[in-house]
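# Breakdown of the fold
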Amino acid sequence: FQQRMERMLFILRITMPKTELWSWEQDEFWKHFFTKTEMSVLMDISDEIYRHKEYAKAVQLLERMYSYYVRKNVAQEFHYKITLLIVARLTSALLRCKEYEKAITYIEQGINISFKCCNQSLVGGLVNNWADALEQLGQKKKALELYRLAYYYDKLMESGYAQVSKASYENLLGRKVDWD
């Protein structure tokens, strides 16, 4: 874990030489104008943190990344892919941290960005995360509706995640369903 993190931070230090003395956890770091490559490296860092099960720290980084895009008024049409990946990963990390209401807020923003930018490839996953949050909040009926919606959306988009939504639906319902 530490070696992979050091390699990614090394890459950032090459492209951001003046930031050697601070880290992404400090406000000064976010005054830099980031390239897509630098944001991708930050995304890789967040993934590594998440895989290391440091979900709160992953949330912190992903929220800073998302806030950067919002604050800098970065045109979503040109950066929608990375923005949607940030939102998708952020909502997953928020669910792990049991921050369900906050996750729903980001999910709604992600869905709006998806439709605004005409790229709905992650909508099914976001809807599935929404259902997960509602399930944890005790809203079983609405969660079942959203799991089913996520399933059919993923089938339509051929994203490969339909079975995850179906399994969640069946788990919550307590029985198998035949949707295929």
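Look above for the structure.
Counting of residues starts from 1 at the beginning of each chain's written sequence and follows it residue by residue. In keeping with the predicted nature of the model, local features appear solely for residues at pLDDT of at least 70, side-chain atom pairs appear and are counted solely at 80 or more, and the whole-chain, interface and lining totals rest on all residues. Heavy atoms from the whole structure form the basis of all side-chain values; hydrogens and water molecules are not counted.

## Regarding helix H6 (residues 123-136)
The end-to-end C-alpha distance of H6, which contains 14 residues, comes to 20 Å, matching closely the 20 Å that a straight helix rising 1.5 Å per residue would cover. All buried positions along H6 are accounted for by Val 123, Gly 124, Leu 126, Val 127, Asn 128, Asn 129, Ala 131, Ala 133 and Leu 134. At the exit of H6 stands Gly 138, carrying a positive phi of roughly 85°. Helical segments are the DSSP runs of H or I of at least four residues, strand segments are the runs of E of at least two, and each set is numbered from the N terminus. For a helix, the expected span equals 1.5 Å multiplied by the residue count minus one. Partly exposed describes any residue whose relative accessible area lies between the buried limit of under 20% and the exposed limit of over 50%, with all areas from a 1.4 Å probe on protein chains only and scaled to the type maximum.

## Some thoughts on the environment of Asp 154
Within the secondary structure, Asp 154 is located in helix H7 (residues 140-157). You can call Asp 154 buried: its relative accessible area is 2%. Sequence-wise, Asp 154 and Ala 133 are 21 residues apart; in three dimensions their C-alpha atoms are separated by 18 Å. Leaving out residues up to four positions away in the same chain, Asp 154 has contacts with Gly 124, Gly 125, Ser 159, Tyr 161, Ala 162 and Ser 165. The contact criterion used is simple: two residues touch if any of their non-hydrogen atoms lie within 4.5 Å.

## Some thoughts on a nonpolar patch on the surface
Where nonpolar side chains cluster on the molecular surface, the patch consists of Phe 10, Ile 11 and Ile 14 and spans about 310 Å² of accessible area. Among the secondary structure elements, Phe 10 is positioned in helix H1 (residues 2-15). A patch consists of residues whose relative accessible area exceeds 30% and which take part in no salt bridge; residues with like charges are grouped when within 9 Å of each other, and nonpolar side chains (Val, Leu, Ile, Met, Phe, Trp, Tyr) when within 5 Å. The protein chains shown are the only cover counted for residues, whose accessible areas, like all others here, come from Shrake-Rupley with a 1.4 Å probe. Salt-bridge detection follows one rule: a side-chain nitrogen of Lys or Arg within 4 Å of a carboxyl oxygen of Asp or Glu.

## Re the side chain of Ser 114
Along the chain, Ser 114 turns up in helix H5 (residues 100-116). Overall, Ser 114 belongs to the buried group, its relative accessible area being 0%. Apart from the residues within four sequence positions on either side, Ser 114 is in contact with Leu 84, Asn 119, Gln 120, Val 123 and Leu 126.

## Examining the nonpolar core
The nonpolar side chains of a soluble globular protein tend to be buried with one another. Of all hydrophobic cores here, the largest spans 58 residues; its most connected members are Trp 30, Met 39, Leu 42, Ile 45, Met 65 and Ile 86. Ranked by residues supplied to this core, first place goes to helix H4 (residues 76-96) with ten residues. Each residue touching Leu 42, except ones within four places of it in the same chain, is listed here: Leu 12, Phe 29, Trp 30, Phe 34, Leu 61 and Met 65. Think of a nonpolar core as a cluster: buried Ala, Val, Leu, Ile, Met, Phe, Trp, Tyr and Cys residues, connected wherever their side-chain atoms sit within 4.5 Å.

## Comments concerning the pattern of salt bridges
Taken as a whole, this structure holds nine salt bridges when the rule is applied. Close ionic contact of Glu 48 with Arg 51 constitutes a salt bridge, the shortest N to O distance being 3.0 Å. Of the two residues, Glu 48 and Arg 51 are both situated in helix H2 (residues 36-51); the distance of three residues between them amounts to about one turn of the helix. For Glu 48, a relative accessible area of 5% puts it in the buried group. Looking at Arg 51, the relative accessible area reads 55%, which means it is exposed. The residue Lys 176 makes a salt bridge to Glu 170 at a minimum N-O spacing of 3.8 Å. Overlapping salt bridges, with partners in common, bring together Arg 4, Glu 48 and Arg 51 in one network.

## A closer look at unusual backbone geometry
With a phi angle near 65°, Lys 98 is a residue other than glycine that sits in the positive phi range. Take Lys 98: it is sitting in the loop between H4 and H5. Accessibility expressed as a relative area gives 60% for Lys 98, which makes it exposed. Unlike most non-glycine residues, Glu 158 shows phi in positive territory, near 55°. Given the relative accessible area of 70%, Glu 158 is considered exposed.

## Comments concerning the layout of surface pockets
Rolled over the atoms, a probe as big as a water molecule pinpoints where empty space is left. Taken as a whole, the largest pocket spans an internal volume of roughly 380 Å³. In terms of lining residues, the largest pocket is bounded by 16 residues, among which Ala 88, Ser 92, Gly 125, Asn 129 and Tyr 161 are the most central. At the level of secondary structure, the elements contributing two or more residues to the lining of the largest pocket comprise H4, H6 and helix H8 (162-173). Looking at which element gives the most residues to the lining of the largest pocket, the answer is H6, with five residues. Taken together, the residues of the lining of the largest pocket sort by class into six nonpolar, seven polar and three charged. A 1.4 Å probe that fits into a set of points on a 1 Å grid over the protein atoms alone but cannot get out defines a cavity; an open set with protein on both sides within 12 Å along at least five of seven lines defines a pocket, and lining residues are those with an atom within 4 Å of a point. Grid points are joined across faces, edges and corners, and a volume is the space filled by probe spheres set on the points. We call Asp, Glu, Lys and Arg charged. Ala, Val, Leu, Ile, Met, Phe, Trp, Tyr, Cys and Pro are nonpolar, and the rest, Gly among them, are polar.

In short, geometric facts, not functional conclusions.
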